[in-house]
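Residue-level structural notes
Residues per chain, in single letters:
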Amino acid sequence: MIRSGLAVSAAVSFLIVLTGCADPTGDSGVSGSGDGPHRYEADGTVLESADHGPQLCIGGVAESYPPQCTGLPIIGWDWNDVTGEDSASGTTWGEYHVVGTYDGTSFTLLEVGRYRQPPDSSPDFTPPCPEPPGGWAVVDGTRVSDADLQAVMHGAESEPDSAGFWIDYIEEPSEFTPVEGIIAIAAFTGDLERHEGELRDLWGGALCVTQHERTQAELEHIQAELDGGAARELGLEPTVSWVDTITNTVHMGVVVAGDAAVAAVADRYGEGVVVLEPALRVSPEV
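Rules of the game
- Residues numbered from 1 in each chain as written.
- Predicted model: local features only at pLDDT ≥ 70, side-chain atom pairs only at ≥ 80, totals over all residues.
- Heavy atoms only, no water.
- Helix = DSSP H or I, 4+ residues; strand = E, 2+ residues; numbered from the N terminus.
- Buried < 20%, exposed > 50% of the residue type's maximum accessible area, 1.4 Å probe, protein only.
- Contact = heavy atoms within 4.5 Å.
- Areas by Shrake-Rupley, 256 points an atom, 1.4 Å probe, with all protein chains shown as cover.
- Expected span 1.5 Å × (residues − 1).
- Bend = angle between axes of the 7 residues up to and from the residue.

**Notes on the overall build of the chain**
- The helix and strand tally for the chain stands at four helices and 14 strands.
- Within the chain, buried positions represent 47% of all 286 residues.
- Counting contacts in the chain only where the partners sit at least 6 residues apart, residues at least 24 apart contribute 63% of the total.
- Carbon and sulfur atoms provide 50% of the accessible area of the chain, an area that totals close to 14,100 Å².

The following block contains the structure:
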C-alpha cells in the first residue's frame, strides 16, 4: 500500500486470508454481552452459484468473472425482493446492506437495503515527526537515488528494534515524482538519536525517525500466533489478518466480535494492540 512503484516495505503488510467459517468455539460473540442474540448488520456482496445457495461473502471477494467468495449461508434470501444484481455463468451476485441474526453458522435475513459505502479506511502516510523549519527538503543531494532509498530502508529494517518503514511525499505524488521528493519514515522502539544519525549517513532526502511501542517482529509474531489457532481459542472466527506498520497494530477480520472475545484479546495482547474488524456489526434495535 505504499504510494509508489518503488520496492519498499508496505506500510500495511502481511495480509493473510483464512478461508472458510468453522463453527465457533467459546464465546463467538453471537450473544455479545450474554443478553440474548443480537441483530447484526453488514454491507457486502451476496452471491449464489451453482455450488451453493445465497451467501454473504466474508473475508473478501475474488475478482474473477463471475466473482467468487466464501461466506455465510443466508436464510430467507430471495432475489425477487432486491434489485441491482448481476448474473453470469450460473452465478448471481450483488452488493447490499443486510440486517439479521447469526447463530454461529448461518445468517437469517430480517431486512435488506441499498449497499452503504463504508468510510475510507486508507492508511495515513503523513510523517509523525514535526515538520522541520523550512519544511521537508533534501539535505544532501548526493544521496537521494533509488539505491540510497533502498539502503536506508534495509538499514532501518535490519535493526533489532525496527518497528517498520514507510514513505510519504513532500508534494502530492504523480508518476513523475522523483525519488528526492520522498520522505523516508522509520520507526523504532528506542534510541532514536542513534538511529537517525546512522540513517542520515545512508539517505540525503527528507527523513523522519519516530518511536513505536512494539517492534515489527513482535507484531508479526502476534499475527502468526492468532492465525495459528489463538484467535479461535479466544472465541473468534478469523477471516483475514494484517500488520499495520503505521499504527503499530495487528488487524484481524472476524465474523463477529463479542464482548468476551474482545476482552480476552485485550487481556492477552494488551489494550489496542489487536484491532478486530467484524464483518457483522451489532445493529441498533428498532
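Next comes the rest of the description.
**Things to note about unusual backbone geometry**
- A cis amide bond links Tyr-65 with the next residue in sequence, Pro-66, at an omega value of 0 degrees.
- Along the polypeptide, Pro-66 turns up in the loop between strand 3 (52-57) and strand 4 (71-75).
- Of note in this structure, Asp-191 is not a glycine but carries a positive phi near 55 degrees.
- With respect to the helices and strands, Asp-191 occurs in the loop between strand 9 (182-188) and helix 2 (192-200).
- For Asn-248, which is not glycine, the phi dihedral falls at a positive 60 degrees.
- Position of Asn-248 relative to the elements: it lies in the loop between strand 11 (238-244) and strand 12 (249-254).

**A closer look at helix 3 (residues 216-233)**
- Compared with an ideal rise of 1.5 Å per residue, which puts 18 residues at 26 Å, helix 3 spans 24 Å between its outermost C-alpha atoms and is within 8% of the ideal.
- Its maximal kink placed at Asp-227, helix 3 deviates by approximately 65 degrees.
- Positive backbone phi, at 90 degrees, marks Gly-235, one or two positions downstream of helix 3.

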